[in-house]
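If you want the building blocks of each chain, they are given just below.
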Amino acid sequence: LDGGETWIEWRHGIPAAPVRALIVHPRDHDLVAGTHGRAAYVLDDVRPLRALSRDPELASRDLHLFEPPPALQVAIAERIGYRSTGHAMFFGENRAQGALLSTWVGEALAGSTAEIQVIDQAGEEIRTFEEPLEEGVTRFTWDLRRAPPAQEGGFFRARGALALPGAYTVRIRAGDAVSETTLSVLPDPRTEIPNARRLAKIEALEEAGGWLALSREAQDRVEAALQAVEQLLETLPGDEANSALREAGDSLRDRLTQALEDLFTGPSCQGICGGNPVAAPIRVPLSKLGSSVDAPSPTDLLAMEQARAALRQVVDEVNGLFAGPVAEFRRGLLDAGFTPFPVKEPLRIGGAW
């Protein structure tokens, strides 16, 4: 950092081997080191090191976000025809996909966690995530995707839509320290998709994600009511005075269990179960819409129409369940002097239906 007056050993993945050649890529600013007998190594984007050399004061800061290189939304397919690395083929580590974000971290913030916000030109925060910080230059990656349309558990989770190409503000915050910079997101140069069509895809993904979230809320309500009824039946005195209430509770438990299977889970079994719950089509649009960044196709729109119809049935049946049998059982609890489980507003579907 000082023109060779002092030297810092660099061993982050580089073996103790003679380096016979060094070159910095003139466009991408990647440092390539060719070793004797131990292959070639690439240090992606050395501009943060150059910035520290130009302005040594940066190293005295607690937090500084360096200007990142432009990020390309490149679609990558399989590089080879093999489906497995069991052939003992060698694969070197490639540059991470997305935006490379490099941060200087002072000793005071080492070991802490930073919040990273991505903000579009309209001032909307489209993504927030957290990253651990290490002293010195810390690098992490934003995958160029917006926030997921629906937060749901399970193995297969919906990913957020790819952000529109354009300029973004990236802000990092750790403790009281804040730093921000501008990031340029570029489209894949091999495809030409107007932003209007990309935006139509984002809007469809967000709408379908909202449907999935509403379906998840409906399922949560049925599961919570079922658990409340089962707990009440366990603690309800078994005397003659409560026999009618116990009978009503048994009936409601059966109805809630059946509704849970019919609408959401399918029949209970071991392994992979069959069944075709009503809510199943609600998940389909997210997987179909995520196959490209272009506007929804006719197949996508058909899947959305089927999901919309399924969601309407789910909401109507769950609201009817709570307005009818659940409300009736709650009144019985009140009459018997018991505290019922809480009342919630009916589920509502937003947008044009």
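*Asks:* Which residues make up the packing of helix H3 (residues 243–265) against helix H5 (residues 298–335), and what values do they have?
*Replies:* In the contact formed by H3 and H5, the axes pass within 10 Å of each other and the chain directions differ by 170°. Between H3 and H5, the interaxial angle falls into the category roughly antiparallel. Considering the relative orientation of H3 and H5, their crossing is left-handed. Facing H3, whose interface residues are Leu245, Ala248, Gly249, Leu252, Arg255, Leu256, Ala259, Leu263 and Phe264, H5 presents Val314, Glu317, Val318, Leu321, Pro325, Val326, Phe329, Gly332 and Leu333. Taken together, the residues that form the contact of H3 with H5 break down as 14 nonpolar, two polar and two charged.

*Asks:* Please give an account of the packing of aromatic side chains that cites residues and values.
*Replies:* A complete count under the given rule lists one aromatic pair for this structure. Seen in terms of ring centroids, Trp142 and Tyr168 are 6.0 Å apart; in terms of plane orientation they differ by 70°. Their pairing is edge-to-face. In this pair, Trp142 sits in strand S9 (residues 136–142) while Tyr168 sits in strand S10 (residues 166–174), placing the two residues 26 residues apart along the sequence. Each of the two residues, Trp142 as well as Tyr168, counts as buried.

*Asks:* A description of H5 should follow, citing residues and the corresponding values.
*Replies:* Helix length check: H5, at 38 residues, gives a terminal C-alpha distance of 54 Å against a target of 56 Å (1.5 Å per residue), a fit within 8%. Of all bends in H5, the biggest is about 35°, found at Val326. At the exit of H5 stands Gly337, carrying a positive phi of roughly 90°.

*Asks:* I'd like a rundown of the sheet that holds strand S3 (residues 40–43), residues and numbers included.
*Replies:* The strand order across the open sheet formed by three strands is S1-S2-S3, and the pairing between neighbours is antiparallel. In this open sheet, the two edge strands, each paired with only one partner strand, are strand S1 (19–24) and S3. Ignoring strand direction, the axes of neighbouring strands in this sheet form an average angle of 15°. Here S1 runs beside strand S2 (residues 31–35); their pairing, made up of five bridges, is antiparallel. Residue pairing across strands places Val24 opposite Leu31, the latter belonging to S2.

*Asks:* Describe the pattern of salt bridges, naming the residues involved and giving the relevant values.
*Replies:* Within the structure shown, the criterion is met by 17 salt bridges. Close ionic contact of Arg146 with Glu124 constitutes a salt bridge, the shortest N to O distance being 3.5 Å. With a gap of 22 residues between them, Arg146 in the loop between S9 and S10 and Glu124 in the loop between strand S7 (113–119) and strand S8 (125–132) connect regions that are remote in the sequence. Owing to a relative accessible area of 13%, Arg146 belongs among the buried residues under this scheme. The partner of Glu305 in a salt bridge is Arg308, with the nearest N and O atoms 2.7 Å apart. Pair noted here: Glu305 and Arg308 are both in helix H5, with a separation of three residues, about one helical turn. A relative accessible area of 44% places Glu305 in the partly exposed class. A network of salt bridges, in which partner residues are shared, links Glu124, Arg146 and Glu206.

*Asks:* Please provide a residue-by-residue account of the packing of helix H4 (residues 280–289) against H5, values included.
*Replies:* Interaxial distance between H4 and H5 falls to 7 Å at its minimum, and their mutual angle equals 155°. The angle between H4 and H5 places the two elements in the roughly antiparallel class. As for the relative orientation of H4 and H5, their crossing is left-handed in sense. Counted together, Pro281, Ile282, Val284, Pro285, Lys288 and Leu289 of H4 and Thr299, Asp300, Ala303, Met304, Gln306, Ala307, Ala310, Leu311 and Val314 of H5 form the full contact between these two elements. Residues belonging to the contact of H4 with H5 are distributed by class as follows: eleven nonpolar, two polar and two charged.

*Asks:* Let's hear about the sheet that holds S7: which residues, and what values?
*Replies:* Ordered in space as S5-S11-S10-S7-S8, the five strands form an open sheet in which the pairing is mixed. Edge positions in the open sheet fall to strand S5 (71–73) and S8, since each of these has one partner strand only. Pairwise comparison of adjacent strand axes, ignoring direction, gives a mean angle of 30° for this sheet. In this structure, S7 lies alongside S10, joined through five bridges in antiparallel fashion. Note that in S10 the partner of Gln117 across the bridge is Arg171.

Conventions and cut-offs
Residues numbered from 1 in each chain as written. Predicted model: local features only at pLDDT ≥ 70, side-chain atom pairs only at ≥ 80, totals over all residues. Heavy atoms only, no water. Axes fitted to C-alpha atoms, helices over the stretch in contact; angles between N-to-C directions. Helix = DSSP H or I, 4+ residues; strand = E, 2+ residues; numbered from the N terminus. Parallel < 35°, antiparallel > 145°, perpendicular 65-115°, else oblique. Left-handed = near helix turned anticlockwise from the far one by under 90°. Contact = heavy atoms within 4.5 Å. Nonpolar A, V, L, I, M, F, W, Y, C, P; charged D, E, K, R; others polar. Phe/Tyr/Trp six-rings, centres within 6.5 Å; stacked < 30°, edge-to-face > 60°. Buried < 20%, exposed > 50% of the residue type's maximum accessible area, 1.4 Å probe, protein only. Expected span 1.5 Å × (residues − 1). Bend = angle between axes of the 7 residues up to and from the residue. Pairing = 2+ DSSP bridges. Salt bridge = Lys/Arg side-chain N within 4 Å of Asp/Glu carboxyl O.

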